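Residues per chain, in single letters:
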Amino acid sequence: MKRLSVVLSILVVVSMLFAACTTAPPEEPAVEEPAVEEPVEEPVEEPMEEPMEEPAADIPTEYPRNETLYVSGAAWGPASTWNPFQPGSLANTTGTIGYVYEFLYAFDPQTGELTPWLAEDGAWTDDFTFEVTLREGLTWSDGEALTAEDVAFTFELGNQYEALWFSPMWRYMESATAVSDTVVQFTFTDDPLYQEFSNNLYNIPIVPEHIWADKSEEDITVGANEEPVGSGAYMYLTNAEDRNVWVRNDAWWGQDVFGTPAPKYIVDIRTSSNSVALGMVLKGELDLSNNFLPGVAELAEKGYVSTYFEGPPYMLSANTAVLFLNTTQQPMDDAGFRKALAFAIDVPSIVNIAYAQLVAASNPTGLLPSLSDFSDQAVVDELGYSFDTEQAKQLLADAGYVDLDGDGFVEAPDGSTIELQVTCPNGWTDWMAAIDIIASSAQEAGINIQSSYPDYGAWNTELQGGTFNMTLNNWAAMSNTPWTLYNLLFRHPIQDQMQSGNFGRYDSQELFDLVDALARVPADDIEGMQAITSQIQELMLTEVPMIPLWYNGMWSQWSESTWTGWPDETSATPTLPTTWSGYWQLGGLLTLINLEPVAVE
Amino acid sequence: MKRYFGRKLLIYLLTFFLAVTIDWMIPRFMPGDPVSNMLTRTSVNSNAYEVMYDYYSHVFGLDVPVWQQYLNFWASLFRGDLGISTYLFPTPVTEVLLRAVPYDIALLVPAILVGWYAGNKFGAFAARSKWLDNTISPLGYILTATPYMWLGILLAWFLGIVVGIFPIAGAYSFSLAPSFSWKFIGSVLHHWFLPFVSLLLVEFGGWAIGMRNLIIYELEADYSKYLQSLGATNKLIRNYAFNNAVLPQITGLALKLGVIVAGALVTEVVFSYPGIGYLLLQAIQNQDYFLIQGCFLFIIIGVLLANFIIDILYIIVDPRTRRGMMGEAS
């Protein structure tokens, strides 16, 4: 009896082992091969499965090198969603917005102009009515026509579902209606936020009504939207754990207007580390890398890779790294101290050492070079600051901060010791190096600041809950309006949790009113905007509520072994050499159109 | 026998319950908030943050009291529902695991098994053999003591870039779509080779050294001396020593196989090879409660299963255990 049970248990174990072996076939799991028998049994219960299996016939098994563009630097995880309304995870499917879904307008950061895309033309017929005329002959990739109805439907979704990011627009928008097949009319309440609206014109992806009208609320807000149908230049082809593949839409309406993008296939590669991407560029396996590669300056100098600028900073500027100061704590509540700190921080070393010259120091206003029209040079000349330890010491002394106990660090005017921490998320190596320099240069000037790197989650909790001393942040994306930056810097009202801006809780009604007023200036009234932005800058540079330090680069290095025609500083109409999510409508797509294959000898 | 397994089963169930509870608790004790991490990864100039925050908290069931979240967790676990990943939203955790883990199995199982087998054989062979001990054993020490990261980078750099005969990234050529062709299968093997070899080298070194030391210990044991004095052949003595020395190695092997669901993080990073290790790291950094829970759930199951198998295997391979149990049962 006992023998038998031993034998039995052995049998059980052995069969388990076999089961384990057979249920887990090695090699390729993620992408089920388009096997012949699969379509038969597939469509029962698996709406979440890979949208791979049906058109087995026309899925190519190989992408010819001279028709394929290999890119990396946007995706950091496997693709998980193709829903153009979903925040967060879309970076892993960069191109969903841009390749597949398009916008009414595009924005050219080099000229600062909104350029019509799906729209042919758009105009304010009066202060509260905006009319967009669509181009003729717009089509979806499934052959249906793209009409004004689709546009109105898309905007209307924001009215219906407040979990969509653009729904707050409906606080001041009254209707979006299709007047004819090609004309959409937007009407507004008497208090429209013109700046936000203009920004939304090139950020709201237009979706096809004939597909989205039947979707449930859940599908629209949180669905993965596999097999996206859009109107754009590329279509979804396939994806795997480490890549997304897109194929050119040869029936794209824009070929007559903008031209045909040269690469037939785009393979967006997820690399697990930046150094792998570098290796691949050097081997010519990767055409464009948008990873941050420290030391790429040297490689560019030696001609191994190409970059936008031939010399420093090599990269275009993408956003501003701002040091937020917690103004609810001592001594950051004192403008005198904040200003002294602004002089104490050694920005040149951050640029030259932490970044090895790959970034440029920020204008004290924090506005990107592409928004330099709105930076008031007279104000900057009068009130601006730059790295100067002696000046910092002087300002500290003037404000009453002196070293009482002789430890080399100043004490507050009330005699209390000052011990501060500057933070950034752990693992963000460039920022970690930068805050080390912030801390050491502040110590030079006599301010006791130490650097610390909490995990991202902990950092985020401190940031939003306002329990940090000072920390870095760069959440204002490249934009057509300075309002985007000011909406980050001076977000209000001040609440317990500041989730999307003004993390230092700087409280100034005067500034808030100015930002609100700026939001209400029509986007084409440049002078009206300038009048307000220079007032904001004057207050900002006097009070120094936060300190803009440098511009994070639009990391971009490419190999010209297979494709040429990349944009650089000498291009007549330079576009952005980037594949990052959110930049396709800022010229990323035009970059693809300008590419040319290298002739094969 | 029945009592033995009954008791074991009870202990396993209790361990499972406790371990899964801890697994549920730990991510929630970490500072941070998955929904806010998920939303801040977007740079949309969003005035909708607060509304979206509430909406997504509800989607993930994080808007109810903690005790209720805990009960809901067990309830959905019994339905086989591990939740939805926040880091890879909106992919269900089960799907994330199903897509990523096979890559790790393909790398780790052969590397561990081959490394174990060859390492043990070699270790046993090398022990007490002067010239091997002096030449190849130091190599084993070097291999195990080498930081794996460094070894991997060295391999990738030398064979991938300098010599250029192996790819440095991906599970198969980026110019191929999966198909049943020799070209594709060849590409898969080509990409698999370097990560596999790097793991194998380290595994081999570790097992070989362990076995060598164990054998030396066994050869010093009384029974070996006794056998020797009886005039038994070296081969016989070594066989006995091997049988005894292999026991702890079996335990080690089972435990290693049990934690495969944790992936091979460093291999995945160095060779840019897909797998769950990298995703688990990202999940931890993003407070992705559900993906962390899911991964660790399988690690717990894996370890318990491995232990269970060891218990049974010992009955087979170790007569002492078997006899003890029979005696106890009769």
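No experiment lies behind these values; they were computed from the predicted model shown.

1. Points about the overall build of chain B
Right, on to step 1. What chain B contains, in helices and strands, is 14 helices and 0 strands.
Right, on to step 2. The order of helices and strands in chain B, counted from the N terminus, is α-α-α-α-α-α-α-α-α-α-α-α-α-α.
Right, on to step 3. Its C-alpha atoms give chain B principal-axis dimensions of about 85 × 60 × 40 Å.
Right, on to step 4. Here chain B holds 330 residues, and the buried ones make up 53% of them.
Right, on to step 5. Excluding contacts between residues fewer than 6 apart, the proportion of contacts in chain B whose partners are at least 24 apart in sequence is 74%.
Right, on to step 6. Total accessible area on chain B stands at roughly 15,200 Å², and carbon and sulfur atoms take up 72% of it.
Right, on to step 7. Charge separation in chain B, taken as the distance between the mean sites of 20 positive and 18 negative side-chain charges, equals 15 Å.

2. Remarks on the side chain of D311(B)
Residue and element names in this part refer to chain B.
Right, on to step 1. Secondary-structure assignment places D311 in helix α13 (residues 289-317).
Right, on to step 2. At a separation of 2.9 Å, a polar atom in the side chain of D311 contacts the side chain of Y12.
Right, on to step 3. Leave out the neighbours within four places in its chain, and D311 touches Y4, K8 and Y12.

3. Digging into the packing of helix α1 (residues 2-29) of chain B against α13(B)
Residue and element names in this part refer to chain B.
Right, on to step 1. Where α1 meets α13, the axes come as close as 9 Å, and the angle between the chain directions of the two elements is 160°. Judged on the interaxial angle alone, α13 and α1 are roughly antiparallel. Seen along the crossing, α1 lies across α13 with a hand that is right-handed.
Right, on to step 2. For the contact of α1 with α13, the class distribution of residues is 19 nonpolar, 3 polar and 4 charged.

4. Describing the pairing of strand β9 (residues 234-240) of chain A
All names here are of chain A.
Right, on to step 1. Summarising burial for β9: 6 of the 7 residues are buried, a large majority.
Right, on to step 2. In this structure, β9 lies alongside strand β10 (residues 243-248), joined through 6 bridges in antiparallel fashion. Bridged to A240 within β10 is R243.
Right, on to step 3. The hairpin turn running from β9 into β10, its antiparallel successor, is 2 residues long.

5. Some remarks on a nonpolar patch on the surface
Right, on to step 1. A cluster of nonpolar side chains, namely M149(B), W150(B), I153(B), L154(B), W157(B), F158(B), I161(B), V162(B), V163(B) and I165(B), defines an oily patch on the protein surface of about 940 Å² accessible area.
Right, on to step 2. Judged by relative accessible area, I165(B) falls into the partly exposed class, the value being 46%.

6. Observations regarding helix α10 (residues 347-354) of chain A
Residues and elements named next belong to chain A.
Right, on to step 1. Buried residues of α10: V347, S349, I350, V351 and A354, and no others.
Right, on to step 2. Lining the buried residues of α10 we find β14 (360-361), α13 (429-444) and β18 (546-553).
Right, on to step 3. Looking one or two residues past α10, A356 carries a phi angle of roughly 45°, positive in sign.

7. A closer look at the packing of helix α12 (residues 276-285) of chain B against α13(B)
All names here are of chain B.
Right, on to step 1. At a minimum axis distance of 8 Å, the contact between α12 and α13 shows a crossing angle of 135°. The pairing of α12 with α13 is recorded here as oblique in orientation. Note that α12 runs across α13; the crossing there is left-handed. Residues I276, L279, L280, A283 and I284 of α12 lie in contact with α13, whose contacting residues are L291, I292, C295 and F296.
Right, on to step 2. Grouping the constituent residues of the contact of α12 with α13 by class yields 9 nonpolar, no polar and no charged.

8. As for the packing of aromatic side chains
Right, on to step 1. If you walk through the whole model with that rule in mind, you get 59 aromatic pairs over all chains.
Right, on to step 2. A ring pair is formed by W82(A) and Y236(A), whose centres lie 5.3 Å apart and whose planes are at 75°; its orientation type is edge-to-face. Here W82(A), found in the loop between β1 (68-72) and β2 (95-101), pairs with Y236(A), found in strand β9; they are 154 residues apart in sequence, far enough to count as distant.
Right, on to step 3. Relative to W550(A), the ring of Y355(A) has its centre 5.5 Å away and its plane inclined at 55°; by these criteria the two rings are tilted. With Y355(A) in the loop between α10 and β14 and W550(A) in strand β18, this pair connects stretches of sequence that are 195 residues apart. Across the pair, exposure class does not vary: Y355(A) and W550(A) are buried alike.
Right, on to step 4. Taking NZ or CZ as reference, K215(A) lies 4.6 Å from the ring centre of W212(A), over its face.
Right, on to step 5. Geometry around F242(B) places K121(B) over its ring, the cationic atom sitting 5.0 Å from the centre.

9. Quick notes on a negative patch on the surface
Right, on to step 1. A cluster of acidic side chains, namely E120(A), D121(A), E136(A), E149(A) and D181(A), defines a negative patch on the protein surface.
Right, on to step 2. For D181(A), a relative accessible area of 56% translates into the label exposed.

10. Focus: the nonpolar core
Right, on to step 1. In terms of nonpolar packing, the biggest core is built from 229 residues, with L104(A), F155(A), F186(A), L323(A) and F490(A) touching the most fellow members.
Right, on to step 2. Broken down by element, the residue count for this core peaks at 9 residues, all from α13(B).
Right, on to step 3. Setting aside its immediate chain neighbours within four residues, F155(A) contacts L104(A), F166(A), M169(A), W170(A), M173(A), A176(A), F186(A), I204(A) and I206(A).
Right, on to step 4. A106(B), W192(B), W207(B) and F271(B) belong to the second largest nonpolar core, which has 43 residues in total.

11. Quick look at the side chain of S187(B)
Residue and element names in this part refer to chain B.
Right, on to step 1. Structurally, S187 is set in helix α8 (residues 182-219).
Right, on to step 2. Residue class for S187 comes out buried when judged on its relative accessible area of 10%.
Right, on to step 3. With residues near it in sequence (within four places) discarded, S187 still touches A171, Y172, S173 and L176.

12. Concerning helix α14 (residues 456-465) of chain A
Right, on to step 1. Most of α14(A) sits out of view: 7 of its 10 residues are buried.
Right, on to step 2. Looking at the buried side of α14(A), the elements it contacts are β15 (420-423) and β17 (470-473) of chain A together with α2 (34-40), α3 (49-59) and α12 of chain B.
Right, on to step 3. Backbone geometry just after α14(A) places G466(A) at a positive phi near 75°.

13. A few points about the confidence of the model for chain A
Right, on to step 1. Averaged over all residues, the pLDDT of chain A is 86; the fraction at 70 or higher stands at 90%.
Right, on to step 2. Note on residues 1-57 of chain A: pLDDT under 50 across the span, and 69 contacts to partners over four residues away in sequence or across chains.

14. Quick look at the environment of L288(A)
All names here are of chain A.
Right, on to step 1. Examined against the element boundaries, L288 turns out to sit in strand β12 (residues 288-289).
Right, on to step 2. Along the primary structure L288 and E560 are separated by 272 residues, whereas in three dimensions their C-alpha atoms are 9.0 Å apart.
Right, on to step 3. Setting aside chain neighbours within four positions, we find L288 in contact with Y70, V71, S72, S556, Q557, W558, W566, P577 and T579.

15. Looking at unusual backbone geometry
Right, on to step 1. Of note, the amide linkage connecting H492(A) to P493(A) takes the cis form, showing an omega dihedral of 0°.
Right, on to step 2. One can find P493(A) in the loop between α15 (483-489) and α16 (509-519).
Right, on to step 3. A cis amide bond links F89(B) to the next residue, P90(B), at an omega of 0°.
Right, on to step 4. Tracing the backbone shows P90(B) in the loop between α4 (66-78) and α5 (93-126).
Right, on to step 5. In this model, A356(A) sits at a positive phi of 45°, which is unusual for a non-glycine residue.
Right, on to step 6. Residue position: A356(A) is located in the loop between α10 and β14.
Right, on to step 7. When its relative accessible area of 29% is taken as the criterion, A356(A) is described as partly exposed.
Right, on to step 8. For V544(A), which is not glycine, the phi dihedral falls at a positive 45°.
Right, on to step 9. Its place among the elements puts V544(A) in the loop between α17 (526-543) and β18.
Right, on to step 10. For V544(A), a relative accessible area of 0% puts it in the buried group.

16. Focus: the pattern of salt bridges
Right, on to step 1. For the coordinates displayed, the defined rule picks out 14 salt bridges over all chains.
Right, on to step 2. One salt bridge in this structure joins K302(A) and E298(A), with 3.6 Å as the shortest N-O distance. Assigned by exposure class, K302(A) and E298(A) land together as exposed.
Right, on to step 3. Residues R99(B) and E95(B) are paired through a salt bridge, measuring 2.8 Å at the closest nitrogen-oxygen approach. With R99(B) and E95(B) both in helix α5, this residue pair falls 4 residues apart, about one helical turn.

17. Some words on the sheet that holds strand β5 (residues 119-126) of chain A
All names here are of chain A.
Right, on to step 1. Pairing is antiparallel across the open sheet formed by 4 strands, whose spatial order is β5-β6-β8-β7. Unpaired on one side and paired on the other, β5 and β7 (173-178) mark the two borders of the sheet. Taking each pair of neighbouring strands and ignoring which way they run, the sheet shows an average axis angle of 15°.
Right, on to step 2. In this sheet, strand β8 (residues 183-188) lies alongside β7 in antiparallel orientation, the contact comprising 5 bridges. Counterpart to S175 in the pairing with β8 is T187.
Right, on to step 3. Sheet strands touched by helix α3 (residues 148-160): β6 (129-134), β7 and β8. Its angle to β7, the strand with the most contacts, is close to 155°.

Thresholds applied
Residues numbered from 1 in each chain as written. Chains lettered and ligands numbered in written order. Predicted model: local features only at pLDDT ≥ 70, side-chain atom pairs only at ≥ 80, totals over all residues. Heavy atoms only, no water. Helix = DSSP H or I, 4+ residues; strand = E, 2+ residues; numbered from the N terminus. Buried < 20%, exposed > 50% of the residue type's maximum accessible area, 1.4 Å probe, protein only. Contact = heavy atoms within 4.5 Å. Areas by Shrake-Rupley, 256 points an atom, 1.4 Å probe, with all protein chains shown as cover. Lys, Arg positive; Asp, Glu negative; His and termini not counted. Charge placed at Lys NZ, Arg CZ, Asp CG, Glu CD. Polar contact = N/O pair within 3.5 Å; in protein donor to acceptor, adjacent residues only side chain to side chain. Axes fitted to C-alpha atoms, helices over the stretch in contact; angles between N-to-C directions. Parallel < 35°, antiparallel > 145°, perpendicular 65-115°, else oblique. Left-handed = near helix turned anticlockwise from the far one by under 90°. Nonpolar A, V, L, I, M, F, W, Y, C, P; charged D, E, K, R; others polar. Pairing = 2+ DSSP bridges. Patch = residues over 30% accessible without salt bridge, like charges linked within 9 Å, V, L, I, M, F, W, Y side chains within 5 Å. Salt bridge = Lys/Arg side-chain N within 4 Å of Asp/Glu carboxyl O. Phe/Tyr/Trp six-rings, centres within 6.5 Å; stacked < 30°, edge-to-face > 60°. Lys NZ or Arg CZ within 6 Å of the ring centre and 35° of its normal. Core = buried A, V, L, I, M, F, W, Y, C linked by side-chain atoms within 4.5 Å. pLDDT = per-residue confidence, 0-100.

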